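# Reading the structure
The lines below spell out each chain.
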Amino acid sequence: MTTESPTAMRRLLPADMVERGACPFDPPAGLRELRGKAAIQPLTLANGAPVWLVTGLEEARAVLGDIRFSSDRVRHPDATSPGPAAPPVESRTDGMFVFMDPPEHTRLRRLLTGQFTVRRMRALESRIREIAVEHLEAIRAAGTEADLVPAYALPIPSLVICEMLGVDYADRAQFQSNTAVALNSDTPDDERARAGLELYGFIQKLVEAKKSEPGDDMLSGLIHDADPPLTDAQLVDMALVLLGAGHETTANMLALGTFALLENPEQAAALRDDPGLLDNAVEELLRFLSIIQMGVSRVATEDVTIAGVDITAGATVIIATPEANRDPRHWDDPDRLDVRRRVSHLAFGHGVHQCLGQQLARVELKVGLGELLARLPDLRLAVPAGQVPLRNEMLIFGVHSLPVIWGPVT
């Protein structure tokens, strides 16, 4: 899994710009201090490299929607790179489409687009609900307390993406633990490399198995239906992106979203009273929580002017998603959670790299939160909020655990 650039960027940013504080739902203090100042401003990383930091919503959309800003870390290294660009290449032979530009990105993404249509995701809703209910029934049968992360938030998206890709769910512990190591910015580089190699080997074996015994799953389709055929390297890389993104992001949104609702009981009550608000609540939680630490980076391929700021060719631009999603020019009282608020946001990005699985994530969050609130109406934290362990060291923010209880208050 290619996480070198995001992880390196995370390590080079000031701690107060990536670590959440007393309120785990708010952007880091360093970002909040920039509110009301320029929407695009210079920042120097710990390695001395200058970058541009974007905190405004419209300015972030302008960068993400402009093809003059590149995601290709092979041809256009960002400010985390210790050396110059790699020798010119005619074409990329890997499958890390999230770090590619058109037309290479376009071809690989198009092969996946049909798998994530709104219609197909809605058709999956009954299966997702079945998974959610099964896990909630098991939780209730086991007593009156649980850790919602391993018991509920992680299994739902993990099982769904395993079924979609054709991965044996019994193997989930291996890829979940290795993905967690790869996405941990505090992990030593040699351990991250080991985890990456193990993940790669795991998917390589899966690709080989699907070649000889294809199933009715996404990976089999990529192997047997792509024209021209994908290479093994492309297949492994694409599957790694989908497997990692398919469970890490939604699992953390589901756990952190539950935490936020428990800390805002009037909002949870509104959802219990009117489940019709769930679609809207999911969008507001995505805006309010912004779990992608800091955001994403791009490299200018030519001189570009955005909102009056001249950005020179080769400059790195970082989108501060948690703060852009709180832009006070677009929302009244942006630091307040309001499940009735009508919003658009950058939680899924913008432009050609907008999250491929966003419709799946929406359905998983709607069903997961809806069933949880309905079936455990007296759910509450089992520990003080300040004792819930936060994932500040991870590229995907959330909680490591969420101890909860239910039943009569004693």
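Our subject is the structure that appears above.
Residues numbered from 1 in each chain as written. Predicted model: local features only at pLDDT ≥ 70, side-chain atom pairs only at ≥ 80, totals over all residues. Heavy atoms only, no water.

So, about the overall build of the chain. The helix and strand inventory of the chain stands at 16 helices and 10 strands. For 410 residues, the compact-globule estimate of 2.2 N^0.38 gives 22 Å, and the C-alpha radius of gyration of the chain, at 21 Å, lies within 12% of that figure. Seen through its C-alpha atoms, the chain measures out along the principal axes to roughly 65 × 60 × 40 Å. Here the chain holds 410 residues, and the buried ones make up 56% of them. Within the chain, contacts between residues separated by at least 24 positions form 72% of all contacts whose residues are at least 6 apart in sequence. If you sum the accessible surface of the chain, you get close to 17400 Å²; carbon and sulfur atoms cover 53% of it. The positive charge centre, built from 40 side chains, and the negative charge centre, built from 57, are 3 Å apart in the chain. (Helix = DSSP H or I, 4+ residues; strand = E, 2+ residues; numbered from the N terminus. Rg over C-alpha atoms; globule rule 2.2 N^0.38 Å. Buried < 20%, exposed > 50% of the residue type's maximum accessible area, 1.4 Å probe, protein only. Contact = heavy atoms within 4.5 Å. Areas by Shrake-Rupley, 256 points an atom, 1.4 Å probe, with all protein chains shown as cover. Lys, Arg positive; Asp, Glu negative; His and termini not counted. Charge placed at Lys NZ, Arg CZ, Asp CG, Glu CD.)

A few words now on the side chain of Glu364. Relative to the assigned elements, Glu364 resides in helix 16 (residues 358-375). With sequence-adjacent residues up to four places away left out, Glu364 is seen in contact with Ile128, Ile156, Pro157, Val160 and Thr250.

Spatial strand order, 4-10-9: three strands in an open sheet with antiparallel pairing. Looking at strand neighbours, the two that pair on one side only are strand 4 (145-147) and strand 9 (380-381), the edges of this open sheet. (Pairing = 2+ DSSP bridges.)

Relative to the elements of secondary structure, Glu59 occurs in helix 3 (residues 57-64). Owing to a relative accessible area of 10%, Glu59 belongs among the buried residues under this scheme. Not counting chain neighbours up to four residues away, the residues in contact with Glu59 comprise Ala39, Ile40, Val54, Ile306, Ala307 and Arg329.

Neighbouring strands of a sheet are bound in pairs by backbone hydrogen bonds; such pairs are parallel or else antiparallel. Read across the open sheet, the five strands follow the order 1-2-8-5-3; overall the sheet is mixed. Each edge of the open sheet carries a strand with a single partner, namely strand 1 (40-44) and strand 3 (69-70). Note that strand 5 (residues 297-300) and strand 8 (residues 316-319) share three bridges and pair antiparallel. Among the inter-strand pairings, Val299 is bridged to a residue of strand 8, identified as Thr316.

Tracing the backbone shows Val309 in strand 7 (residues 309-311). For the pair Val309 and Ile40, spaced 269 residues apart in sequence, the C-alpha separation works out to 7.2 Å. Those residues within four positions of Val309 in sequence are excluded, and the remaining contacts are Ile40, Trp52 and Val304.

Burial of strand 5 is two-sided: the residues Ser297 and Val299 facing one way and the residues Arg298 and Ala300 facing the other way are all buried. Strand direction decides the pairing type here: strand 3 and strand 5, joined by two bridges, are antiparallel. Paired with Phe69 across the strands is Ala300, a residue of strand 5.

Between its terminal C-alpha atoms helix 14 (residues 278-289) stretches 16 Å, which fits the 16 Å expected from 12 residues at 1.5 Å a residue. With 11 of 12 residues buried, helix 14 is to be regarded as a mostly interior element. Here helix 14 has its buried residues at Leu278, Asn280, Ala281, Val282, Glu283, Glu284, Leu285, Leu286, Arg287, Phe288 and Leu289. Residues of helix 14 that are buried in the fold lie against helix 12 (232-263), helix 13 (265-273) and helix 16. (Expected span 1.5 Å × (residues − 1).)

Turning our eyes to something else, we now look at the pattern of salt bridges. Following the criterion strictly, the structure yields 33 salt bridges and no others. With its nearest N and O atoms 2.8 Å apart, the salt bridge here joins Glu125 to Arg129. In this pair, Glu125 and Arg129 both sit in helix 6 (residues 125-141), four residues apart, roughly one turn of the helix. Taking the relative accessible area as the measure of exposure, Arg129 reaches 30% and is therefore partly exposed. When the shortest N-O distance is used, the salt bridge between Asp335 and Arg326 registers 2.6 Å. We classify Asp335 as partly exposed; its relative accessible area is 26%. Here the salt bridges do not stand alone but share partners, grouping Asp26, Arg32, Arg35, Glu323, Arg326 and Asp335 into one network. (Salt bridge = Lys/Arg side-chain N within 4 Å of Asp/Glu carboxyl O.)

Here helix 12 spans 47 Å end to end across 32 residues, near enough to the 46 Å set by a 1.5 Å rise per residue. Summarising burial for helix 12: 27 of the 32 residues are buried, a large majority.

Counting residues in each nonpolar core, the largest one holds 94 residues, and the members touching the most others are Tyr152, Ile203, Leu261, Leu289 and Leu402. When residues of this core are assigned to their parent elements, the largest contribution, 16 residues, is made by helix 12. Once residues lying within four places of it in the same chain are set aside, the contact partners of Tyr152 are Ala132, His135, Leu136, Ile139, Leu254, Val367, Gly368, Glu371 and Leu372. In terms of nonpolar packing, the next biggest core, distinct from the first, is built from 18 residues, Leu64, Phe69, Ile311 and Ile319 among them. (Core = buried A, V, L, I, M, F, W, Y, C linked by side-chain atoms within 4.5 Å.)

Here we come to unusual backbone geometry. Residue Pro103 is bonded to the preceding Pro102 through a cis peptide linkage, with omega at 5 degrees. Mapped onto the secondary structure, Pro103 falls in the loop between strand 3 and helix 4 (104-113). You will see that Ala307, though not glycine, has its phi angle at about 50 degrees, which is positive. Residue position: Ala307 is located in the loop between strand 6 (304-306) and strand 7. Take Ala307: its relative accessible area is 58%, and that puts it in the exposed class.

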